[in-house]
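Given next are the chains, with one letter for each unit.
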Amino acid sequence: FSRKMVGSACRMEAKPEHGKEGIANGKHLPAMKKSGLYEVVAFCDIIIERAQETKEKFGTEDAKVFEDYRELLKEDLDVVYVTTPNRSHAEISIAAMEAGRDVMCEKPMAKNYAEAQKMVETAERTHRVLNIAYQNRYRTDSLYLKEMCKSDELGEIYFAKAHALRRRAVPTWGVFLNEEEQGGGPLIDIGTHALDLTLWMMDNYEVQSVTGASFHKQHPYPCCLPAPSWHGTAPAGAAGSAGCCRT
């Protein structure tokens with residue numbers, strides 16, 4: 001089994017210890033190479049030198065590099081990996097599906113509901129696969145809990161709490177503190193993993209209302225983004241809440 005793939009990387013103003021790794025070079029591409037199931041035949045980065053370096057590490061001998069994802073989409077590809085900053089997830093994913101490619105997009109899906117909804121509508125209209133990188137669903141413990149929920153071992157689940165905590169301080173590398181690029185703070189970053197698992201266990205009930213609160217921690221990182229909380233209710237009475245922070 002072999003698939004033609006593309007890694008779409010982003011420009012990262014990173015600390016030396018993180019270098020050019022990012023999520024594509026640090027996680028996705030090494031895993032694909034190790035599996036032996038994929039051919040990575042095209043790379044795109046707004047810094048062409050980085051695309052070239054990544055190609056030499058993970059690409060096929062004839063892999064191509066691009067600065068513009070629109071040019072990349074003209075290639076014969078099966079799947080497009082979108083690992084750019086959050087603000088361009090929807091734009092690139094939609095363009096890829098419109099071009100007839102399946103998409104694997106990093107989380108969060110998009111910066112806001114409107115963009116995410118357009119991604120879903122595009123996938124349905126073009127009959128393409130749109131997958132979001134919530135890999136925690138595939139953990140052994142997550143799959144075990146999901147089976148328990150499906151078999152009613154826990155009874156009716158009508159309330160749940162999701163928590164996410166990062167103990168390695170605020171990630172000041174990359175674009176994590178850039179609200180324009182990210183679209184939010186810890187909730188849209190680490191919090192979405194916990195929230196996704198919680199909603200998945202509860203069969204992604206249709207949300208009736210959502211309320212939230214956020215605050216800015218001014219010290220020692222003056223540019224920190226909001227640390228929000230979330231609470232949602234469903235028509236049938238189910239409820240969920242989530243909170244996340246970086247310490």
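Remember, predicted model here, so these are calculated numbers, not experimental data.

## Here's the deal with the pattern of salt bridges
- Taken as a whole and assessed by the stated rule, the structure comprises 13 salt bridges.
- Put simply, K111 and E180 hold a salt bridge, and the shortest N to O gap is 3.8 Å. You can see K111 sitting in the loop between strand 5 (102–105) and helix 5 (113–126) and its partner E180 sitting in helix 7 (residues 179–182), a full 69 residues away along the chain.

## Side note on the packing of helix 4 (residues 89–98) against helix 5
- It is the contact of helix 4 with helix 5, at a shortest axis distance of 10 Å, that shows an interaxial angle of 10°. Taken as axis vectors, helix 4 and helix 5 run roughly parallel relative to one another. On helix 5, the residues that touch H89, A90, S93, I94, M97 and E98 of helix 4 are E115, K118, M119, T122, A123, R125 and T126.
- Within the contact of helix 4 with helix 5, the residues separate by chemical class into five nonpolar, four polar and four charged.

## Examining unusual backbone geometry
- A cis amide bond links K107 to the next residue, P108, at an omega of -10°.
- Along the polypeptide, P108 turns up in the loop between strand 5 and helix 5.
- Here H127, not a glycine, exhibits a phi torsion of approximately 60°, which is positive.
- Checked against the element boundaries, H127 lands in the loop between helix 5 and strand 6 (130–132).
- At D152, a residue that is not glycine, the phi angle is positive and equals roughly 65°.
- Looking at the secondary structure, you find D152 in the loop between helix 6 (140–150) and strand 7 (159–166).

## What about the nonpolar core?
- Counting residues in hydrophobic clusters, the biggest one holds 24 residues, and the most contacted among them are L72 and M119.
- Top element by residues in this core is helix 4. It accounts for five residues.
- Formed by 12 residues, the second largest nonpolar core is a distinct cluster that contains A24, A51, V79 and A133.

## Regarding the side chain of E181
- Inspection of the secondary structure assignment puts E181 in helix 7.
- In contact with E181, other than residues within four places in its own chain, are P85, N86, R87, K111 and V175.

## Points about helix 6
- The set of residues buried in helix 6 consists of S142, K146, M148 and C149. Burial along helix 6 is one-sided: seen end-on, the buried residues are contained in an arc of 160°. Seen from the open side of helix 6, the exposed residues pointing more than 90 degrees away from its buried face are T140 and Y144.
- Just downstream of helix 6 lies D152, where phi reads positive at about 65°.

Parameters and conventions
- Residues numbered from 1 in each chain as written.
- Predicted model: local features only at pLDDT ≥ 70, side-chain atom pairs only at ≥ 80, totals over all residues.
- Heavy atoms only, no water.
- Salt bridge = Lys/Arg side-chain N within 4 Å of Asp/Glu carboxyl O.
- Helix = DSSP H or I, 4+ residues; strand = E, 2+ residues; numbered from the N terminus.
- Axes fitted to C-alpha atoms, helices over the stretch in contact; angles between N-to-C directions.
- Parallel < 35°, antiparallel > 145°, perpendicular 65-115°, else oblique.
- Contact = heavy atoms within 4.5 Å.
- Nonpolar A, V, L, I, M, F, W, Y, C, P; charged D, E, K, R; others polar.
- Core = buried A, V, L, I, M, F, W, Y, C linked by side-chain atoms within 4.5 Å.
- Buried < 20%, exposed > 50% of the residue type's maximum accessible area, 1.4 Å probe, protein only.
- Arc of directions from axis to C-beta.

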